[in-house]
Amino acid sequence: MSRRPESERSDWTDLDLLTREEAHGRLLAEIAETEARLAEPGTSDGAEGELLQSRLRALREAAEDLLDQPKGK
């Protein structure tokens, strides 16, 4: 067995990298969960609501960025 030690292995050999489509799908799921939390009574008020709104903006921006990138990059 000629398996390399963990310290010498490349991330590319793990084959656990996401495609843009998979990452986009996961972001959409997170967006839906965050929107659901914001819709809960009392959550949209105060500091928690502000944090969730900020998270939602960041998730949406990340999802848009994935779609805007050329496929060769």
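Residues numbered from 1 in each chain as written. Predicted model: local features only at pLDDT ≥ 70, side-chain atom pairs only at ≥ 80, totals over all residues. Heavy atoms only, no water.

## Re the overall build of the protein chain
Working step 1: Along its length, the protein chain carries two helices and zero strands.
Working step 2: Out of the 73 residues in the protein chain, the part that is buried amounts to 18%.
Working step 3: In the protein chain, the proportion of contacts linking residues at least 24 apart, taken out of those at least 6 apart, comes to 57%.
Working step 4: Of the roughly 6,100 Å² of accessible surface on the protein chain, 51% is carried by carbon and sulfur atoms. (Helix = DSSP H or I, 4+ residues; strand = E, 2+ residues; numbered from the N terminus. Buried < 20%, exposed > 50% of the residue type's maximum accessible area, 1.4 Å probe, protein only. Contact = heavy atoms within 4.5 Å. Areas by Shrake-Rupley, 256 points an atom, 1.4 Å probe, with all protein chains shown as cover.)

## Section: a negative patch on the surface
Working step 1: Negative charge collects at one region of the surface, where Glu-61, Glu-64, Asp-65 and Asp-68 lie side by side.
Working step 2: Checked against the element boundaries, Asp-68 lands in helix H2 (residues 46-68).
Working step 3: Judged by its relative accessible area of 58%, Asp-68 falls in the exposed class. (Patch = residues over 30% accessible without salt bridge, like charges linked within 9 Å, V, L, I, M, F, W, Y side chains within 5 Å. Salt bridge = Lys/Arg side-chain N within 4 Å of Asp/Glu carboxyl O. Lys, Arg positive; Asp, Glu negative; His and termini not counted. Charge placed at Lys NZ, Arg CZ, Asp CG, Glu CD.)

## With respect to the nonpolar core
Working step 1: Grouped together as the largest cluster of nonpolar side chains are nine residues: Ala-23, Leu-27, Ile-31, Leu-38, Leu-52, Leu-56, Leu-59, Ala-63 and Leu-66.
Working step 2: Broken down by secondary-structure element, the contributors of at least two residues to this core are helix H1 (20-39) and H2.
Working step 3: Ranked by residue count, the leading element in this core is H2, at five residues.
Working step 4: Here Leu-56 is in contact with Ile-31, Thr-34, Glu-35 and Leu-38, once residues within four sequence places are set aside. (Core = buried A, V, L, I, M, F, W, Y, C linked by side-chain atoms within 4.5 Å.)

## Observations regarding H2
Working step 1: The end-to-end C-alpha separation of H2 is 33 Å, in line with the 33 Å expected for 23 residues at 1.5 Å each.
Working step 2: Its buried side turned inward, H2 meets H1. (Expected span 1.5 Å × (residues − 1).)

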